[in-house]
Every structure is written in C-alpha cells, then in structure tokens.
Amino acid sequence: MTWSTATDVHALLDAAGEFLRSRPVEHTALLTEAAYLQARPSAVPDQHHGWWRGSDGEVAGAFLRAPGHAPILSLLPDTAIAALFDALGEVDAVGVDGGLVDRVAEAWRAARGDRPVERSRITLYRLAEFTPPTPPPGRARVGGPADRDLLLTWFHELMAAYPDDPSEAAYVVDDPLGFGGITLWEEAAGPVAMAGRSRLVAGMVRLGAVHAPGGDDAHADAVFAASCAAATEIADHVLVFAGSAAAGAKYRALGFRPVLDRVMLGARPAGSS
C-alpha cells in the first residue's frame, strides 16, 4: 500500500484514470481539471499529482494539484489518508470531499502538529429533471473565436468579484471556446450574458462561469438555463457547484438536487486559537 507521485497529468490519468472515471460525480473536480491540463498544447509546469494503490494493487485514491491551486483529493480510504501528507509535501490548503473532512483534518494534525480550519464549503448539485424557466427576449448560441475579446472583458469583470480565485482566462475562456463549451445569450444588439461548461468526461459535464454585465440576473439566468439544456443533450451527469443558499435555490428550481459538499481545509491563521 503506497502513494506514487508525478508532475505530469498524463501519468496520473494512466494510473488512476479508470478509478476516477468510475465515480464521475464524486470526482468531478479532479476529472475536469485533469481534462483541461491534458488538453494543453504544451507542458504545464508546477504540477503535482498522486495515486494510492491498496494491498490488492488497485488504485483506490488520488490527488491532483494544478499550478497556482491547492491540491484536490478524490475519495480516499483511511489507509491512504494516514500517509497522505507525506505524499503531498508542504501545502497550506487541500480540497476534500465533505465526508472526509474530519479524517483528513486529523491526518493533517498528526503530520503537522496543528489542526486545519475550514476555509470554504461549496455544494455540488446534479440535474435530476430539467425544468426550464420562461426565457426573456433573445436567443442562445454557442460562442466562437470572434467572441473572444468580449469574453475576456467579461472574464476580468467576473474575477474582480473573486480576488482569491486563481482561475485563469485559458481555463474559463480559451479552452471552452475550443470545444463549444461557452453559451451566449444575445439580443438584437449582440451578446448580453455568458455561461461556460467543462469538457465532457466519463459522461459528466460541470457548468459554471456565468456572467452578465451589470448584475443582470434575468439574462444570467437565461444563459445558464440554455447551457443546462445544451448539456443535457450530451451528458449523463450535469453538475454545478453552489457557494450560497441563494444559488442553490435557483438550481433547485431548475431541477438540480444536492449530492455532496466540497470543503477547502487550510492552515490555521497565525495567532488564532
């Protein structure tokens, strides 16, 4: 029973891809990030990934660390968690399934001498039965290369509200433009809102990156619903994360149901008790 590590996402997927794809809902965070890294045309530095093999030799756990991000964990057995922080090395945060929080926090304490704190918690929702709302005037269409400059402007507007989010334009704009993963809502004068989605992996798509300038909720809701409708045509599992009760309520109205939490554990701030 041991952890193996690599700095190449292809090595992670060669070893642990089947394991991750066997639970595409629970492993959505790792699968979508790995698909993005795998699709990059050149080597991406500063990666650190790992996979755990049990006594039967089968992979039963994994972690992925993309550049500029905290490592994120798959579902893990207790034996893997006990040895996790030797494999991770020095980290100040780690993303975990909500059901693993206590066990990972205890392994952190045992390895580092201090128990981590919960920095954030988001809920993963899965679409059960899509209930589309009545849309405002306009229409949905797939974004293309000609929309890139506008989308980059909207990306920077969106990220200004989340200064601690390390997401990059290549992930939110350029990559999904390449596979038809951005939906636009437009009126006669042009696009008024955008919604993005991940690549299709193991029958799973995750929605995100919704933005309408000026906080235009009607168009934001319309483009998100249109993105949902498009995703149902290609995916068995349509997922979205919500960081607030208000967002969760909107997703429930469309037919989403909560399935699990993802939690970011981090080092306790200096001087805190």
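Use the structure listed above.
This one's a predicted model, so the numbers in the text were calculated from it and none came from an experiment.

### Notes on the overall build of the protein chain
Next up, step 1: Along its length, the protein chain carries nine helices and twelve strands.
Next up, step 2: At 19 Å, the protein chain has a C-alpha radius of gyration in line with the 19 Å of a compact globule built from 273 residues.
Next up, step 3: The dimensions of the protein chain, computed from C-alpha atoms along their principal axes, are 60 × 40 × 35 Å.
Next up, step 4: Counting every position in the protein chain, which comprises 273 residues, the buried fraction comes to 47%.
Next up, step 5: In the protein chain, the proportion of contacts linking residues at least 24 apart, taken out of those at least 6 apart, comes to 69%.
Next up, step 6: About 12800 Å² of surface is accessible on the protein chain, with carbon and sulfur atoms providing 51% of the total.

### A word on the packing of aromatic side chains
Next up, step 1: In total, this model carries eight aromatic pairs according to the counting rule given.
Next up, step 2: A ring pair is formed by Y125 and Y251, whose centres lie 6.0 Å apart and whose planes are at 65°; its orientation type is edge-to-face. On the criterion of sequence distance, the pair formed by Y125 in strand 6 (residues 117–127) and Y251 in helix 9 (residues 245–254) is long-range, its members being 126 residues apart.
Next up, step 3: The class of Y125 is buried, set by a relative accessible area of 7%.
Next up, step 4: Pairwise contacts between aromatic rings join Y125, F224, Y251 and F256 into one cluster.
Next up, step 5: Above the plane of the ring of W108 lies R112, whose end atom (NZ or CZ) is 5.8 Å from the centre.

### Considerations on the packing of helix 8 (residues 217–232) against helix 9
Next up, step 1: Axis separation between helix 8 and helix 9 bottoms out at 12 Å; the angle between their running directions is 50°. Judged by the angle between their axes, helix 8 and helix 9 are oblique. The element helix 8 and its partner helix 9 pack so that their crossing is right-handed. Across the interface between the two elements, D217, D221, F224, A225 and C228 of helix 8 pack against K250, Y251 and L254 of helix 9.
Next up, step 2: Of the residues that constitute the contact of helix 8 with helix 9, the class distribution is five nonpolar, no polar and three charged.

### Remarks on the side chain of S198
Next up, step 1: Inspection of the secondary structure assignment puts S198 in the loop between strand 9 (190–197) and strand 10 (204–211).
Next up, step 2: Accessibility expressed as a relative area gives 10% for S198, which makes it buried.
Next up, step 3: When sequence neighbours within four positions are dropped, the list of residues in contact with S198 reads T32, F179, V205 and R206.

### Examining the pairing of strand 2 (residues 48–53)
Next up, step 1: Two elements, strand 1 (residues 2–6) and strand 2, share five bridges in a ladder whose sense is antiparallel. Across the sheet, residue W3 finds its bridge partner in strand 2, namely W52.
Next up, step 2: When strand 2 meets strand 3 (residues 59–65), the two strands line up antiparallel, connected through six bridges. Considered in strand 3, the bridge of W52 is made with G61.

### Thoughts on the environment of F85
Next up, step 1: Note that F85 resides in helix 4 (residues 84–88).
Next up, step 2: The spatial distance from the C-alpha of F85 to the C-alpha of L75 is 15 Å, given a sequence separation of ten residues.
Next up, step 3: Ignoring any residue separated from it by four or fewer positions in sequence, one finds F85 in contact with V91, V104, A107, W108, A111 and R112.

### Digging into helix 9
Next up, step 1: Within helix 9, the full set of buried residues consists of G248, Y251 and L254. Down the axis of helix 9, the buried side of the element spans an arc of 115°, and every buried residue falls inside it. Relative to its buried face, helix 9 has exposed residues pointing more than 90 degrees away, namely A245, A246 and A253.
Next up, step 2: The elements touched by buried residues of helix 9 are strand 6, helix 8, strand 11 (237–242) and strand 12 (256–266).
Next up, step 3: Two residues or fewer after helix 9 comes G255, characterised by a positive phi angle close to 110°.

### Comments concerning the side chain of E33
Next up, step 1: Structurally, the position occupied by E33 is in helix 2 (residues 28–39).
Next up, step 2: One buried charged residue, E33, remains without a salt bridge, the closest side chain of opposite sign being R206 at 6.2 Å.
Next up, step 3: For E33, the residues in contact, after removing those within four places along its chain, are L64, A66 and Y171.

### Description of the pattern of salt bridges
Next up, step 1: Using the criterion set out here, one finds 15 salt bridges in the structure.
Next up, step 2: Here D114 makes a salt bridge to R268, at a shortest N to O gap of 3.7 Å. Within this pair, whereas D114 is found in the loop between helix 5 (101–112) and strand 6, its partner R268 is found in the segment after strand 12, the two being separated by 154 residues in sequence.
Next up, step 3: Under the relative-accessibility criterion, D114 is labelled partly exposed at 36%.
Next up, step 4: According to the relative accessible area criterion, R268 is partly exposed, its value standing at 27%.
Next up, step 5: Taken together, the shared-partner salt bridges in this structure form one network comprising D102, E106, R109 and R115.

About the thresholds
Note on numbering: residues in each chain are counted from 1, in written sequence order. Whole-chain, interface and lining totals are the exception, using all residues; otherwise, since this is a predicted model, local features are given only for residues with pLDDT of at least 70 and side-chain atom pairs are given and counted only at 80 or more. Note: side-chain values were computed over all heavy atoms of the structure, leaving out hydrogens and water. For helices the rule is a DSSP run of H or I covering at least 4 residues; for strands it is a run of E covering at least 2, with both sets numbered from the N terminus onward. Only C-alpha atoms enter the radius of gyration, while the globule expectation follows 2.2 Å times N to the 0.38, with N the number of residues. Think of it in three bands: with a 1.4 Å probe and only protein chains considered, a residue is buried below 20% of the maximum accessible area for its type, exposed above 50%, and partly exposed in between. Residue contacts are defined here by distance: any two heavy atoms, one from each residue, within 4.5 Å place the two residues in contact. Residue-level accessible areas treat just the shown protein chains as cover; the underlying method is Shrake-Rupley with a 1.4 Å probe. Under the pairing criterion, centres of Phe, Tyr and Trp rings, with the six-membered ring standing for Trp, must be within 6.5 Å; the plane angle then separates stacked pairs below 30 degrees from edge-to-face pairs above 60, leaving the rest tilted. Here, a charge over a ring is recorded when the distance from Lys NZ or Arg CZ to the ring centre is within 6 Å and its angle to the ring normal is within 35 degrees. Angles shown run from 0 to 180 degrees and are taken between the N-to-C directions of axes, each axis being a line fitted to C-alpha atoms and, for helices, limited to the stretch in contact. Roughly parallel here means an angle under 35 degrees, roughly antiparallel means over 145, roughly perpendicular means 65 to 115, and every remaining angle is called oblique. Two helices that cross are described as forming a left-handed crossing if the nearer one is turned anticlockwise from the farther one by less than a right angle, and a right-handed crossing if clockwise. Gly falls in the polar group here, along with every residue not listed as nonpolar (Ala, Val, Leu, Ile, Met, Phe, Trp, Tyr, Cys, Pro) or charged (Asp, Glu, Lys, Arg). The rule for pairing is simple: two strands pair if DSSP sees at least two bridges between them. Arc definition: directions from the helix axis to the C-beta atoms. This count recognises Lys and Arg as positive and Asp and Glu as negative, with His and chain-terminal groups excluded. Whenever a carboxyl oxygen of Asp or Glu lies within 4 Å of a side-chain nitrogen of Lys or Arg, that contact is scored as a salt bridge.

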